[in-house]
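An overview of the molecular structure
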Amino acid sequence: MAALAAGAWGTAEPSFWRDEAATLSVARRSIPEIFDLLQHIDAVHGLYYLLMHVFLAAVGSDGSELAARLPSIVAGAVTAGATAAIGRRLGGDLLGLLAGLLAASAPMLARFAQEARPYAMETALATLATYLLVRALDREGYRPFAGYAAAVVVMAYLNIFSLFLLPAHALTVCLVDRTRFRHWLAAAAAAGTLVLPLAVIALPQSGDQLYWIVKPSWTDVGTLITTFSGGPWLIAPVVLLIIVALTHRAGPGTDLRLVAAPWLLLPPATLLIVSQVHPFYQHRYLLFCVPAVALLVSAGLCRFPLWAALPGAVALLASMVSLQVPQHAQDSRADDIRAVAEIISHRDKPGDAFYFGSTFYRTCISAYPRVFAPLRDISLRRSAVEAADLPGTVVDPATLAQRLRGADRVWLITRLADPGTPMYTEDLARRDLIWDDRRTWKRVHRWKVRGAAVALWKRR
């Protein structure tokens, strides 16, 4: 319930951003159209897109923020529940309760539980797989590992990078009961065989999709530690409690360390090292490690007397909840597409045209399609559905110039990019538009919002 409350709290406030727009663009297509897209791009998110297609069709949603993010909210609650179950099984009722509450309150988990992307679902499956592994190690034979293998398969189809969890599980099995390693290996091999088709399709697409990612640096390591802790001023207490949990041999949570420590440390280390050769590191790809932080922090708290542990837990929970508040602002994501839509919807007129400064960011139309539907997309040649991609294709310069001559007012949406990446400036967009005569055009106004610049140009 705490995780559901944390996920539902303010979930409709933040604007959709470009990645969520991609989700809506794909989920609104027919199933054959989705499969057509997956042959070219985003196969790694194929299962999530299909689930979202079924969900949005079932609820009859028009793609509002709350509806689109509801599956992730539920996934966040599952993560908290599974984290509590692991803590209770390995450390007792109090440790399980604290771990579940900390997972529900963790700002990073709450952030992605309020996003229409697959990371919250992936984390829920990773936590469930870990619980099933712990349970399987208490039983005999291969059969208990069947559920674990199934959870790993679904987890991988939601995000193939979650397979970095498997080395951590391998180490846990060796530390807890190495005689069961052959059972785990058989389950992992079966899961890997079922995931192989996804790898065959998705890995060749990674070059086109992840070209913008650079090698991680020590700055990224520091950012990851801050993100895992919840905030800069929580690093010290969180790290201290984890050290306490790892260095005390007796007491509740002793076996928990053998599960949570590899879970927390191995996937980030492996991804960071591999990304030095083939960069694809992003901290959100490691979201599935956050439950391990909650477990170890809870184990650290349980090392103290109850009179000290409970106030410490309350202080941590209060701090984490307070850190979630900024995440509920409309412009808390990389792009404030809603602000762009509001600017246009309050000022557009019949016959208006629009132009996105970067083809990639044309997916933003899918976030608030009702705003853009009455306007003319003067650069569009083939829609995203027809082109079996996310942005669609654009016309040649001559056709663009001809369409521009038939427009009296043009909305330019530019500079939709993250800090540190090349910005697509308004001047460059105007050059692409091939203005007939600069003296015939006047910029009426220009607005700046999170991640975007919107300008209205009118023929004199």
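Once a new chain begins, its residue numbering starts again from 1 and follows that chain's sequence as written. Per-residue local features of the predicted model are confined to residues with pLDDT of at least 70, and side-chain atom pairs are confined, for both listing and counting, to 80 or more; whole-chain, interface and lining totals are unaffected and use all residues. Each side-chain value is worked out from all heavy atoms of the structure, with water and hydrogens disregarded.

**Looking at helix 10 (residues 165-177)**
Secondary structure follows DSSP: runs of H or I at least 4 residues long count as helices, runs of E at least 2 residues long count as strands, and numbering of each begins at the N terminus. Helix span, expected: 1.5 Å multiplied by one less than the number of residues in the helix. The end-to-end C-alpha distance of helix 10 is 18 Å, a good match for the 18 Å that 13 residues give at a rise of 1.5 Å each. Burial classes follow relative accessibility: with a 1.4 Å probe on protein chains only, a residue under 20% of its type's maximum area counts as buried, one over 50% as exposed, and anything between as partly exposed. Those residues of helix 10 not exposed but buried are Leu165, Leu166, Ala168, His169, Ala170, Thr172 and Val173. Those residues of helix 10 that are buried lie in contact with helix 8 (119-136), helix 9 (145-158), helix 11 (181-202) and helix 15 (256-274). Residue contacts are counted whenever heavy atoms from the two residues lie within 4.5 Å of one another.

**Regarding a positive patch on the surface**
Together, Lys349, Lys442, Lys458 and Arg460 give the surface a local cluster of positive charge. Along the chain, Lys458 turns up in strand 7 (residues 452-459). A patch consists of residues exposed above 30% relative accessible area that lack any salt bridge, with like charges linked at up to 9 Å and nonpolar side chains (Val, Leu, Ile, Met, Phe, Trp, Tyr) linked at up to 5 Å. Each accessible area is a Shrake-Rupley estimate made with a 1.4 Å probe; only the visible protein chains count as cover when residues are assessed. Whenever a carboxyl oxygen of Asp or Glu lies within 4 Å of a side-chain nitrogen of Lys or Arg, that contact is scored as a salt bridge. Just so you know, the count uses Lys and Arg for positive and Asp and Glu for negative, and it drops His and the chain ends. Just so you know, the charge point we use is NZ for Lys, CZ for Arg, CG for Asp and CD for Glu.

**With respect to helix 18 (residues 337-345)**
Most of helix 18 is tucked away, with seven of its nine residues classed as buried. All of the buried residues along helix 18 are Ile337, Arg338, Ala339, Val340, Ala341, Ile343 and Ile344. Contacts from the buried residues of helix 18 go to helix 2 (18-27), helix 5 (65-91), helix 19 (369-372), strand 5 (409-414), strand 6 (441-449) and strand 7.

**Quick word on unusual backbone geometry**
Phi at Asp42 is positive, roughly 60°, even though this residue is not glycine. Secondary-structure assignment places Asp42 in the loop between helix 3 (31-38) and helix 4 (46-59). The phi torsion at Ala388 lies on the positive side, around 55°, for a residue other than glycine. Counting through the fold element by element, Ala388 comes out in the loop between helix 20 (384-387) and strand 4 (393-394). Its relative accessible area of 5% is what places Ala388 among the buried residues.

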